[in-house]
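# An overview of the molecular structure
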Amino acid sequence: QEQRQHDGRHQDNQGQAFVAGTVGLGTITTTPDAFQPARQDACCTDGYVMRVDTSASGFPVVYASFLGGSSDDHVFGIRRATNGDLFVTRTSHSAAFPTTPSAYAPTSPQVGPEEGGHDTFLVKLGLTIQPREYQLIFGTWLGAVPSQPSSLVVLPGDTPAVAGTASDLALPAPGSLFPPVGLV
């Protein structure tokens, strides 16, 4: 039986709805321009992001992609910045979760040979013009294990802010992330 959970939703004033969630058993149908067109590990949960055109008849999915690594990945928060970029957050156990070299923490604080800790991530997907698709602009671990984000907002200047709980104080200092991220 297919298991799919929609955790995060965001709708802009242009008729676009953005949905983020987690797929257990089963799959989603990705679009040809997907950042990750296939699941990264069939045994575990994977995150996904979708853009739905709510102004069109039938509410077509215009973008759908997996977002994950080699183990359990959960996507909860999704927000669209004023420039069209998407910020996505939640937790992952995957040591191979997609991050970028300039990240605050490009590897999980609890990296073993196969899996990382149950850590919070923050990803920025940017909309390119030609071809019109979302690509990974920025991806980082936020450094606290275990941690649980509960809120994601985009502040003025398209700066994301993540709020939640963590069991240790190994969180990044405000202004230490690139691009700047607010931690509440």
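A brief structural summary. (Residues numbered from 1 in each chain as written. Predicted model: local features only at pLDDT ≥ 70, side-chain atom pairs only at ≥ 80, totals over all residues. Heavy atoms only, no water.)

### Notes on the nonpolar core
Judged by nonpolar contacts, the single largest core of 16 residues is most densely connected at Val49, Leu67, Ile78, Val88 and Phe121. Of all the elements in the fold, those that place two or more residues in this core are strand E2 (16–23), strand E4 (61–67), strand E5 (73–80), strand E6 (86–94), strand E7 (115–127) and strand E8 (134–141). If you tally residues by element for this core, the top one is E7, at 3 residues. Residues Val23, Ile28, Tyr48 and Met50 belong to the second largest nonpolar core, which totals 7 residues. (Core = buried A, V, L, I, M, F, W, Y, C linked by side-chain atoms within 4.5 Å. Buried < 20%, exposed > 50% of the residue type's maximum accessible area, 1.4 Å probe, protein only. Helix = DSSP H or I, 4+ residues; strand = E, 2+ residues; numbered from the N terminus.)

### Looking at the environment of Val154
Looking at where Val154 falls in the secondary structure, it is placed in strand E9 (residues 147–155). For the pair Val154 and Leu86, spaced 68 residues apart in sequence, the C-alpha separation works out to 9.7 Å. Each residue touching Val154, except ones within four places of it in the same chain, is listed here: Arg79, Arg80, Ala81, Phe87, Thr159 and Pro160. (Contact = heavy atoms within 4.5 Å.)

### A short note on the pairing of E4
Along E4, 5 of the 7 residues are buried, which leaves the element largely enclosed by surrounding structure. Bridge analysis of strand E3 (residues 46–53) against E4 gives 6 bridges, and the strand direction is antiparallel. Bridge pairing in E4 places Val52 opposite Val61. (Pairing = 2+ DSSP bridges.)

### Describing the pattern of salt bridges
Scanning all chains against the criterion turns up 2 salt bridges. As a salt-bridge pair, Arg39 and Asp46 come within 3.0 Å of each other at their nearest N and O atoms. No difference in accessibility class separates Arg39 from Asp46, as the two residues are buried. With a closest N to O distance of 3.5 Å, Lys124 and Asp85 form a salt bridge. Residue Lys124 is found in strand E7, and its partner Asp85 is found in the loop between E5 and E6; the two are separated by 39 residues along the sequence. With a relative accessible area of 10%, Asp85 lands in the buried category. (Salt bridge = Lys/Arg side-chain N within 4 Å of Asp/Glu carboxyl O.)

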